Amino acid sequence: MRLFQSASRLGAHDAGSLRATLRMWAYALAAVVLLMAGFASPVVARGADAAESTFNDPYTAWAGYASTAAAGAPVGAVPVMAPASDKVLWSADAGALCAAALRQRGQATYLYLLDKTSLTQYDATSGKVCKQVSLPAQSLGSCMFADSALMVPLADGRLAAYDEDLTSAWVSGEGVPLGVEGATWSSCSTPVYAEGCVFVTFSYRGNGCLETRVASFSSVDGSLLWQEELTLPKGALFDDVAAGEGALPAALYSQGRLLVSGANSVAYLLEAASGKVLDSAATASAGLSSCASSASAGTAGSAAALAVAASDGTVCLVEAADSSLRIENSVSLGCALSSCAPVCVDDAVYVGGSDGSVYRLAKDGTALSLRADAQIPVCSSAISELLPVAYGEKASAMTLGVYAQAEDGSLFYIEQANDSKASVQRIAGKEGTGDGPFDAAAAPLSHALSVNRDGSVFAVSRGELTVFAADESRTVNTPVGGSNSLDTLGASLAGVTLPNGAGLGVGALIFVAAFGAYAVIRNKGGRRLSDEGLDVWRSREDDRRS
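From a predicted model like this one, the values you see are computed outputs, not experimental measurements.

1. A short note on the overall build of the protein chain
Consideration 1: In terms of helices and strands, the protein chain carries 4 helices and 35 strands.
Consideration 2: Residues classed as buried in the protein chain amount to 52% of the 546 residues present.
Consideration 3: Residue pairs in contact within the protein chain that sit at least 24 positions apart in sequence constitute 54% of those at least 6 positions apart.
Consideration 4: Put simply, the protein chain shows about 23,800 Å² of open surface, and 53% of that area lies on carbon and sulfur atoms.

2. A short note on the packing of aromatic side chains
Consideration 1: One pass over the structure, following the stated rule, counts 7 aromatic pairs.
Consideration 2: Seen in terms of ring centroids, Tyr 112 and Phe 145 are 5.3 Å apart; in terms of plane orientation they differ by 75 degrees. Their pairing is edge-to-face. In this pair, Tyr 112 sits in strand E5 (residues 108-114) while Phe 145 sits in strand E8 (residues 144-146), placing the two residues 33 residues apart along the sequence. Comparing Tyr 112 with Phe 145 shows no difference in burial state: the two are buried.
Consideration 3: With a centroid separation of 5.0 Å and an interplanar angle of 45 degrees, the aromatic rings of Tyr 403 and Tyr 413 are classed as tilted. Linking Tyr 403 in strand E30 (residues 399-406) with Tyr 413 in strand E31 (residues 411-416), this pair joins segments that are 10 residues apart in sequence.
Consideration 4: Residue classification places Tyr 413 among the buried positions, given a relative accessible area of 1%.
Consideration 5: Clustering of aromatic rings is evident, with ring pairs tying together Trp 90, Tyr 122 and Phe 458.
Consideration 6: The cationic tip of Arg 103 hangs over the ring face of Phe 145; the distance from NZ or CZ to the ring centre is 4.4 Å.

3. Focus on the pattern of salt bridges
Close approach of charged atoms lets side chains of opposite charge pair.
Consideration 1: Considering all chains together, one arrives at 8 salt bridges under this definition.
Consideration 2: Residue Arg 213 pairs with Glu 229 through a salt bridge whose shortest N-O separation is 3.3 Å. With Arg 213 in strand E15 (residues 209-218) and Glu 229 in strand E16 (residues 224-230), this pair connects stretches of sequence that are 16 residues apart.
Consideration 3: Taken together, the shared-partner salt bridges in this structure form one network comprising Glu 211, Arg 213 and Glu 229.

4. Quick notes on the pairing of strand E7 (residues 129-134)
Side-chain positions along a regular strand alternate between the two faces of the sheet.
Consideration 1: As paired strands, strand E6 (residues 118-123) and E7 are joined by 5 bridges and run antiparallel to one another. Counted as the bridge partner of Leu 119 is Val 133 from E7.
Consideration 2: Between E6 and E7, which pair antiparallel one after the other, the connecting turn spans 5 residues, and Gly 127 there sits at a positive phi close to 85 degrees.

Parameters at a glance
- For every chain, the first residue of the written sequence is number 1, and numbering continues from 1 onward in sequence order.
- Selection of residues for local features in this predicted model requires a pLDDT of at least 70, selection of side-chain atom pairs for listing and counting requires 80 or more, and totals for whole chains, interfaces and linings are taken over all residues.
- As a rule here, side-chain values come from all non-hydrogen atoms in the structure, and water together with hydrogens is ignored.
- Secondary structure elements are defined from DSSP: runs of H or I of at least 4 residues count as helices, runs of E of at least 2 residues count as strands, and each element is numbered from the N terminus.
- Three exposure classes are used, based on accessible area relative to the maximum for each residue type with a 1.4 Å probe and protein chains only: buried under 20%, partly exposed in between, and exposed over 50%.
- Two residues qualify as a contact provided that any one of their heavy atoms is within 4.5 Å of a heavy atom in the partner residue.
- Only the protein chains shown count as cover for residues, and all accessible areas are computed by the Shrake-Rupley method using a 1.4 Å probe.
- Here is the rule: rings of Phe, Tyr and Trp (six-membered ring for Trp) pair when centre to centre is within 6.5 Å. Planes less than 30 degrees apart are stacked, more than 60 are edge-to-face, and the remainder are tilted.
- Placement of a positive charge over a ring is assigned whenever Lys NZ or Arg CZ falls within 6 Å of the ring centre and within 35 degrees of the normal to the ring plane.
- Criterion for a salt bridge: a side-chain nitrogen of Lys or Arg within 4 Å of a carboxyl oxygen of Asp or Glu.
- A pair of strands is considered paired only if DSSP assigns at least 2 bridges between the two.

As structure tokens, then:
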């Protein structure tokens, strides 16, 4: 009898030891997960704090996308692992008025391509069509992600929202009215998302008429909160050149205000909450067609600004100062500029010329003062789109490059050396995309030039989407942000990708973390002491009965 009782006590002791061992393993695994999560946090360039980083999780990018980190180097350029090569990964048909958005979900990256009548989701690596939906009205060739919703402005003045699987979330019931009877809006700015609102600047040009309106939509249900018409300053004359298809409006949100360029060489400052116009100023001869884009904080001192380029070759930076606009000086390049929106990288502004050159303007002393710095001959066709990138292992010594797409479909990569000299590499156009006659009516301009973090480039020309692979021979360990996430780490451990794009290792890590959290909560609740007390009581009872 005592033999069995002793065995029972031994079993109870072994059970207690087993529980203690399991608890120790749970603590150890939980600690490992926390350490791995800490080491897996995104790299912030220039030694900035994590709170200062604007790494977006999941990663997003789109045409005109500035940077994955506000503290990155150089500010305004998309950090990539390598420049692109002329190797084609895959291609697909693309319609007119194209815009593109890249988005990462788990380990998979998806390309959302918007044309005039539909929206298509592609696997960015293989080119497989995941889903395609028809739009409720024609698009204006512009889209962007607001959190996890893809916002698409429509030609009838409404706004449509889709989730990451292209399921329709909502379509605004009321659209922005157009004063021209029977007409629809011609173009719009890239939507701006702030304070739960989506701001869109709509523009109409035709029959010697120019109309521009700014609207605010609720990001919850798309309801129209307010809309405001932007008029030319008193005495300004409308130039027929502004009726060109190339003129594009732009908008920038900053500290409760909207800084808007109305595609007519006039800048406006509005209250974001009400739409009230606070100030307006001509950036060139008022009425000339113009293109604009957001300038980075590095370009305009401590405040955000718009870079505006007019068709007559005038370029300037516009900044909001309290309730008024500030324009320090305008630089005339002495040549006609194309419909290409300017791009800003650190202390420089790049614009595209109608003569096929890319012009670089540098900051001259004060925050908003510019001077012509360099003319980079690229090709014989007008430049239609620019996209700056940067790569390098050290954020303080990254190599800057600018992709330039021409109206004839050719694509070039311009790399700026340390001695300010630029080298130009032709990626597409020698064969295929740029070697035939160019028909602007048959293949209207698109604004879909995008780049993935690995360096692959997505370009649309002549109704075709082409994806160019990164140059593997030039790949470096650039701090690109979101790729160093816990999800990526888990996938690298397991080497297996689930159907939803997430790595199998993520599930294992989450399970371990949950088990560790359970052990901590269980022990904090006194369960550990309860178990130990139960073991002692059983031992005493066995001794008493024996």
